[in-house]
Amino acid sequence: MKLSQVGELGFIKHIRRRFAQGDQSLLMGIGDDAAVLSSASCRLDSKDLLLTTDVLVEGVDFDFRTCTFHQVGFKALAANLSDIAAMGGVPRYFLVTLGFSGKLTVAQLDQLYEGMADLAHEYKLKLIGGDISAAPGGLFVCITVVGEIEKGQAIVRSGAKV
């Protein structure tokens, strides 16, 4: 089925069903203007938040002649998880922003999200929102991950030693 047949709101509902929440710390998730997390769940008194984002662009970071939609979804989330891991943190939540042409099908985007879901399940991540836009030049996937680490324990590049 073409995306134009289900529309943006229909596709958002489809993704919300796929990534059912079940997390009491998430007060508002996919489908509203912003995600709302309970501050108690963030335990900000003992934790620091880590935020990272990466974008993958068709023709620059991936090519569908040599990879699948599933692989692109997996790679997009993995790029962000490696940033959180490099700082010694634990990933908790992620947001996905997509830009795509009307040529893609719901099945193709399902494969993209399945790649993300496989990794999200492994790391117990919750998809809490994102955005969708038209991108006539090809697909782009931008993911933001929110993680946490014990207060003051983030491993930063400036602390690297030979």
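The shown structure was predicted, so the numbers you read here are calculated from the model rather than taken from an experiment.

### Quick look at the overall build of the protein chain
Within the protein chain, the secondary structure is distributed over four helices and six strands. Of the regular secondary structure in the protein chain, the N- to C-terminal order runs α-β-β-α-β-α-β-α-β-β. Residues counted as buried form 38% of the 162 residues belonging to the protein chain. Restricting to contacts in the protein chain with at least 6 residues of sequence separation, those with at least 24 account for 84%. Carbon and sulfur atoms provide 55% of the accessible area of the protein chain, an area that totals close to 9,300 Å².

### Considering unusual backbone geometry
Of note, Lys124 is a non-glycine position whose phi angle comes to about 55°, a positive value. Position of Lys124 among the secondary structure elements: in the loop between helix H4 (106-123) and strand E5 (126-134).

### Description of the pattern of salt bridges
On inspection of all chains with the given rule, the structure shows three salt bridges. A salt bridge links Arg65 to Asp63; the shortest N-O distance between them is 2.6 Å. Its relative accessible area of 73% is what places Arg65 among the exposed residues. Relative accessible area serves as the criterion here: at 25%, Asp63 is assigned to the partly exposed category. Between Arg92 and Glu148 there is a salt bridge, with the nearest N and O atoms lying 2.8 Å from each other. Here Arg92, found in strand E4 (residues 90-100), pairs with Glu148, found in strand E6 (residues 140-150); they are 56 residues apart in sequence, far enough to count as distant. Taking the relative accessible area as the measure of exposure, Glu148 reaches 4% and is therefore buried.

### Considerations on the nonpolar core
Ranked by size, the top nonpolar core spans 31 residues in total, and within it Leu77, Phe94 and Val141 carry the most contacts. Taken together, the elements giving at least two residues each to this core come down to helix H1 (3-18), strand E3 (47-57), helix H3 (69-86), E4, H4, E5 and E6. Apart from residues lying up to four places away in sequence, Val141 is in contact with Asp54, Val55, Leu56, Val72, Ala76, Val96, Thr97, Leu98, Leu112 and Met116.

### Brief notes about the packing of H3 against H4
Packing of H3 against H4 brings their axes to within 6 Å, and their N-to-C directions diverge by 40°. The orientation of H3 with respect to H4, classified from their angle, is oblique. Our pair here, H3 against H4, has a crossing hand that is right-handed. Taking contact as the criterion, the partners of Phe69, His70, Val72, Gly73, Phe74, Leu77, Ala78 and Leu81 in H3 are, on H4, Gln108, Gln111, Leu112, Glu114, Gly115, Met116, Asp118, Leu119, Ala120 and Tyr123. Looking at the contact of H3 with H4, its residues break down into 11 nonpolar, five polar and two charged.

Basis of the calculations
Residues numbered from 1 in each chain as written. Predicted model: local features only at pLDDT ≥ 70, side-chain atom pairs only at ≥ 80, totals over all residues. Heavy atoms only, no water. Helix = DSSP H or I, 4+ residues; strand = E, 2+ residues; numbered from the N terminus. Buried < 20%, exposed > 50% of the residue type's maximum accessible area, 1.4 Å probe, protein only. Contact = heavy atoms within 4.5 Å. Areas by Shrake-Rupley, 256 points an atom, 1.4 Å probe, with all protein chains shown as cover. Salt bridge = Lys/Arg side-chain N within 4 Å of Asp/Glu carboxyl O. Core = buried A, V, L, I, M, F, W, Y, C linked by side-chain atoms within 4.5 Å. Axes fitted to C-alpha atoms, helices over the stretch in contact; angles between N-to-C directions. Parallel < 35°, antiparallel > 145°, perpendicular 65-115°, else oblique. Left-handed = near helix turned anticlockwise from the far one by under 90°. Nonpolar A, V, L, I, M, F, W, Y, C, P; charged D, E, K, R; others polar.

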